[in-house]
Amino acid sequence: MVMRRSARLVAWPACLLLAGVALAKGTRPLDVTDLGAPVFQVYGPEDGLSDEIWSTVGIDREGFVWAGSASGLARFDGYRFTPYELPGARSLVREMETAPDGSLWAIFEREGLARYEEATRSWSLSGHRRFAHRFAADVAASGERTLYVSQEYTAMRYGPKGWEPLEEHGEPLPGHTMGLAHTDTLFGEPRLWSARHDGSLWFRRRDQPQATWQRFKVAALTHAQYTDLVRTFDQGREELWLLTYGGGVLRISAEGERHYSVEAGELPSSAVYSGEATYDETGRRRLWLATRGGLVLIDERGTRVFNRSHGLPSDAVRGLRVQRDPGGEDLLWVATEAGLARLRIRESAWQTVSLLGSSENGIFGVLVEPDGQGGERLWLGSAREGLHLITQEGRRHFDAKALELEQLAVRGIWRVSDGHGGYTRLMGVGGGELFRIDEALRFTRLETPWPKSRAEAVTAAVSRRGDAGTEWWIGLLQGGAWRLREGRWTRMLAAEPGSQWATLGLAIEPTGDEDAVWLASGGGLMRWRGERMESIGDLLPPLRNMPFRHVAVIDTPRGRQVWASSLREGVHRLALDPEQPPRLLDASGVPEPPDPTVYSVTADSRGRVYVCTNNGVQQLTPLPAGGYAERVFHRRDGLVHDECNSNGQQVDAHDRFWVGTLGGLSVYDPSAQFDAAAGVAGPLRLTQAMAEGASLAAPASGALSVPAGNRALRIEFALLGGQRESETQYRSRLQPYETDFVPWSTEHGRSFGKLPPGDYTLEIQARNFAGVEAEPLRLSLEVAPLWWQRGSIQLVGFLLGALLLSGLVLAYHRDLLRRQRQLERAVDSRTQALSEANAQLVELSYLDPLTALPNRRRLMDTLDRALDRARRKHSPLGLILIDVDQFKRHNDRHGHLAGDGALRAVAKVLGTVKRERDLVARYGGEEFVCLMEDAPLVAVAQVAERMRARVEALPPRELGNDQEGITLSAGILSRVPSAEDTPESLLRDADTALYVAKKMGRNQVVEHGG
């Protein structure tokens, strides 16, 4: 039952909680391991992969990762994938595996087996063209590796002479071979297992050469089609896993059989392709499964499923491969139907804690606080999914019904002084209601004087020491700021009686016996001190009338400062001095945030500052000489979403940084940012060599031969470290051409002009992100001479002209070499600048200059490709055609500058509401188009309705005026395109639906044909 009451605060506690950060020194940190999801680093078309199914991954002897697709192969060099054309092979690559001699093999569906030759770095078909289902690799206790390949009616084993038929005794087994596996101790004897196409499972003893096959009865899988057999060990206990397409997964162990199924709620799909096992420090097994419903993990905690909502490119996972990185840590490669992903099995600095709100607007309230039992608890709020409490014992959910509300849209949760030496929690919700949560987890709706409406919300709360005791200060989305003192509410911030100011942030500045309050508002930055409200904009004209979103008081090595986050102009810092007015600091030594829209600034006990923006999290670390070192975190680093949310960030008592975003909650532990793998750099490899733009054979070892007469040579290399490759640095020198190394940089290649004939040595050094240097790479270059550069010809010429030309030739040659070095350096610099300029020009030609959205040209190009893909895949293609209602009237009333601002605001909303892979483009004037691939009608309608609602909710200030909002109408469609469909016909049908929406009164979404 929710109680109504008025709050009265009296005494001031001994300790003050600043800005809602929990003071929890000495508490056990909340363990979120069981809640977290792996951090996936995703690779797609922008990384060199084709837009098709990716089915398998393999590792060659040099440490390069290879991926197989529906039509071929690609190699990963730590930076991007490079396609490899194998003549005569254009079918699905079913699987890849490493043989006992270290060679890498691949199964092509039509062409059979192919082998990779490391010496020449080339693939070739082996001649074994019979259809093969998959490989089976086994490692014995002695370390001996065995490789099988299962074929239609037989199997082969890889031996010293290559592939040899597997010896059979007795009657042949029924059907095709689907999988093979060894066990050593299961059932007390060494066995070879064979799974058959007809659903039967067979075994024979491996220690008896003449042993015949015996059938093993599996009750739980009577009609399933096997896809793989996997042997694992769980703390030394041997297990055999049977993977099927249609029947789930069965584990056979000494304890018996254990069936995992969709029906039991343990698997997302009964279609299981393959499995890979990894192990923790205690020998506990983790089995990873590739299924059509996502990546599945089975361990001692049960089963967990990871899919697109966790960052995978697709829910349909086709293949897995474990790679051991240079530091001995396991990496898991995941092949999906929309690209590849890589994850580190070991826990990283970033963890995904919750996907709460990911289907709507994410997390809007985060509070980590002591649980009263020596540990911590976590409060999470969202706009649509209510309030959640996470403790070490489990999770609780509080919905609107429990609080007697129509809808529980949480806008923030804060820990404040209760006025009696303790603390309490305040929760602000949409509509303007304020709740108090006591230690018994009872919710009390507080009586508050401000008007309640759907557009109102409580956005900030702090407690202040005042001359009359403890005060609560509350910020509102529309109603300014209010103070509760001695049971009486007073309005503290308003331009004039009745005006509406958004107060989005509050912060406490300790000042002697009583505290000052800083307010970040839509009308500027304000400070309440000594019973007087000061406008900082009046003291500091550059900040006058600038809207602010958040404010924080931070003690830095340079003294106490205020960091104020503006809506669109980054962070402004003010120096605080008790005897002087605030002073605006310049930005020298402080890197700009990755996006000018900043939601919060939060500092930890070590002086690190976290700036949460619309495009990632910036971490600023103080430098001894002043200023800050910068690191920016994005999704590829483990952040669940790049866009932060208001009231969603906190640094806890253990300096962990909690980040509420549009896609859920992540936590960053800076103490775990360098793991053991960082101490080993990994191998440094040559990746590519080109002369005059043509590829040269780049051997794994030996000399690189450069043909005569080449004017441009490009050599690329990479450190195969397995993580954070973009932070790897390189330097090199070409001897005897260069005596000194070029400076360290992240450039992983060198370009040379026309090198004189002769022998050279390119020495390359590399160091990983942690500064650990790798074993240097020394590459021999043999530049062939032209005919007239051969020794015999040059000797004759020298003898004939030595007396007259020796001095001139020598001087000319030296001068030529000097100028050539200068030219090469200039060419490197100019080439890089030209490439960047060309890339910018191409990008600009596809952008609308007003809204920074893709323009109509980009839309039509993309729509044409999407139409072809949708026909091939037989997948639905969605379109949303959007028109801003009565835009001409808006322009006439408020002017064209306001109209331009309104279009930019609408464009920003559309860009944030769409799905990640969707394209929003400006079609012309006040019209926009959203292109949605693989989108059924319900998904298109949901996105269109969110766009309509979000635009309708835009405050007039963001639209360039003070009193009038705008709406939009949309026509939508979704269908699998027919042969007659064209981009123009789809747009025409969407326009027809848009016309109906306009005719029905505007501000609505209408389906074509609906």
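From a predicted model like this one, the values you see are computed outputs, not experimental measurements.

Asks: Talk me through the packing of helix α3 (residues 856–873) against helix α7 (residues 983–999); I want residue IDs and the actual numbers.
Replies: Relative to each other, α3 and α7 sit at 105°, their axes nearing to 9 Å. By the criterion of interaxial angle, the relationship of α3 to α7 is roughly perpendicular. Across from M860, L863, D864 and L867 in α3, the residues of α7 making contact are P983, E984, L986 and L987. Residues that form the contact of α3 with α7 fall into these classes: six nonpolar, no polar and two charged.

Asks: Describe the sheet that holds strand β52 (residues 609–613), naming the residues involved and giving the relevant values.
Replies: The sheet built from four strands is open, its strands ordered β51-β52-β53-β54 with antiparallel pairing. The open sheet is flanked by β51 (598–603) and β54 (628–633), the only strands paired with a single partner. The average angle at which neighbouring strand axes cross in this sheet is 20°, direction not considered. The pairing of strand β53 (residues 616–622) with β54 spans six bridges and is classified as antiparallel. The partner of P622 across the bridge, within β54, is Y628.

Asks: Describe in detail unusual backbone geometry, supporting the description with residues and values.
Replies: For the bond running from Q735 to P736, omega is 0°, close enough to zero to count as cis. For N545, which is not glycine, the phi torsion reads 60° and is therefore positive. Within the secondary structure layout, N545 lies in the loop between α1 (536–539) and β47 (548–556). Its identity is not glycine, yet R724 carries a phi of approximately 45°, on the positive side. Relative to the helices and strands, R724 is located in the loop between β61 (713–719) and β62 (729–735).

Asks: Hey, could you go over the packing of aromatic side chains for me, with residue numbers and the actual values?
Replies: Taken as a whole and assessed by the stated rule, the structure comprises 34 aromatic pairs. Summarising the aromatic geometry, the rings of F76 and W333 are spaced 5.5 Å apart at their centres and angled 70° between planes, so their arrangement reads as edge-to-face. Note that F76 is positioned in strand β5 (residues 73–76) and W333 in strand β28 (residues 330–336), a separation of 257 residues in sequence. Across the pair, W333 and F76 agree in class, each one buried. An angle of 45° between the planes, with centres 6.2 Å apart, marks the rings of F187 and W193 as tilted. The partly exposed category is assigned to F187, whose relative accessible area is 41%. Members of the aromatic cluster, joined through ring pairs, are W350, Y610, F633, F657 and Y668. In this arrangement the basic side chain of R411 is found over the ring face of F364, its NZ or CZ atom lying 5.2 Å from the centre. The ring centre of Y846 lies 4.6 Å from the NZ or CZ of R857, which sits over that ring.

Asks: Describe the packing of helix α4 (residues 887–894) against helix α5 (residues 896–913), with residues and values.
Replies: Direction vectors running N to C along α4 and α5 enclose 135°, while the axes themselves pass 7 Å from each other. In terms of orientation, α4 and α5 fall into the oblique class. Contacts between α4 and α5 involve F887, H890, N891 and H894 from the former and H896, A898, G899, A902 and L903 from the latter. Partitioning the contact of α4 with α5 into residue classes produces four nonpolar, five polar and no charged.

Asks: Which residues make up the confidence of the model for the protein chain, and what are the values?
Replies: Looking at the protein chain, the pLDDT average stands at 87 and 91% of residues meet or exceed 70. Confidence over residues 1–24 falls short of pLDDT 50; this stretch has 86 contacts with residues more than four positions distant or in other chains.

Asks: Give me the pattern of salt bridges: which residues, what numbers.
Replies: All told, the structure shown has 78 salt bridges when counted by the stated rule. R285 is the partner of E239 in a salt bridge, and the nearest nitrogen-oxygen pair spans 2.9 Å. Of this pair, E239 sits in strand β20 (residues 237–245) while R285 sits in strand β24 (residues 285–291); the two residues are 46 residues apart in sequence, bridging distant segments of the chain. When its relative accessible area of 5% is taken as the criterion, E239 is described as buried. The class for R285 is buried, based on a relative accessible area of 3%. In this structure, E763 engages R733 in a salt bridge whose closest nitrogen and oxygen atoms are separated by 3.2 Å. Taken as a pair, E763 in strand β64 (residues 758–767) and R733 in strand β62 lie far apart in primary sequence, 30 residues in all. With a relative accessible area of 7%, E763 lands in the buried category. In this structure, a network of salt bridges that share partners links the residues R464, E471, R483, R485, E514 and E531.

Asks: If you had to explain the sheet that holds strand β27 (residues 317–324) to someone new, which residues and values would you point to?
Replies: Across a sheet, strands are paired by hydrogen bonds formed along the backbone, either parallel or antiparallel in direction. Spatially, four strands are ordered β2-β29-β28-β27 in an open sheet, and the strand pairing comes out antiparallel. The sheet terminates laterally at β2 (41–43) and β27, the two strands that pair on one side only. Averaged over all adjacent pairs, the angle separating strand axes in this sheet is 20°, with direction ignored. Of the strand pairs in this sheet, β28 and strand β29 (residues 339–344) are connected by six bridges, and their pairing is antiparallel. Within β29, the position partnered with V334 by the bridge is A341.

Asks: Account for the nonpolar core, with residues named and values stated.
Replies: In terms of nonpolar packing, the biggest core is built from 43 residues, with W123, L713 and I715 touching the most fellow members. If one sorts the elements of this core by residue count, β61 sits on top with five residues. When neighbours within four sequence positions are excluded, L713 is seen to be in contact with M690, A691, L696, V706, R750, S751, F752, L755 and L781. In terms of nonpolar packing, the next biggest core, distinct from the first, is built from 30 residues, L903, M932, A935 and I972 among them.

Asks: Describe in detail the pairing of β27, supporting the description with residues and values.
Replies: Burial analysis of β27 places six of its eight residues in the buried class, the great majority of the element. Examined bridge by bridge, β27 and β28 share seven bridges and lie antiparallel to one another. Of the residues in β28, the one forming a bridge with L320 is V334. Counted between consecutive antiparallel strands, the loop separating β27 from β28 contains five residues, among which G328 sits at a positive phi close to 90°.

Asks: Got a sec to walk through the side chain of T336? Specific residues and values, please.
Replies: Among the structural elements, T336 can be located in strand β28. In this structure the side chain of T336 is engaged in a polar contact, spanning 3.1 Å, whose partner is the backbone nitrogen of A338. Among the polar contacts listed, one links the side chain of T336 to the backbone oxygen of G339, at a separation of 2.8 Å.

Asks: Outline the state of the cysteines, listing residues and values.
Replies: Under the defined criterion, the tally for this structure stands at one disulfide. Residue pairing for C612: its cysteine sulfur links by disulfide to C644, the two sulfurs lying 2.0 Å apart. Residues C612 and C644 share a disulfide whose torsion about the S-S bond is about -75°; that sign makes it left-handed. With C612 in strand β52 and C644 in strand β55 (residues 644–651), this pair connects stretches of sequence that are 32 residues apart. Residue C612 is classed as buried on the basis of its relative accessible area, which comes to 0%. Accessibility expressed as a relative area gives 0% for C644, which makes it buried.

Parameters at a glance
Residues numbered from 1 in each chain as written. Predicted model: local features only at pLDDT ≥ 70, side-chain atom pairs only at ≥ 80, totals over all residues. Heavy atoms only, no water. Axes fitted to C-alpha atoms, helices over the stretch in contact; angles between N-to-C directions. Helix = DSSP H or I, 4+ residues; strand = E, 2+ residues; numbered from the N terminus. Parallel < 35°, antiparallel > 145°, perpendicular 65-115°, else oblique. Contact = heavy atoms within 4.5 Å. Nonpolar A, V, L, I, M, F, W, Y, C, P; charged D, E, K, R; others polar. Pairing = 2+ DSSP bridges. Phe/Tyr/Trp six-rings, centres within 6.5 Å; stacked < 30°, edge-to-face > 60°. Buried < 20%, exposed > 50% of the residue type's maximum accessible area, 1.4 Å probe, protein only. Lys NZ or Arg CZ within 6 Å of the ring centre and 35° of its normal. pLDDT = per-residue confidence, 0-100. Salt bridge = Lys/Arg side-chain N within 4 Å of Asp/Glu carboxyl O. Core = buried A, V, L, I, M, F, W, Y, C linked by side-chain atoms within 4.5 Å. Polar contact = N/O pair within 3.5 Å; in protein donor to acceptor, adjacent residues only side chain to side chain. Disulfide = S-S within 2.5 Å.

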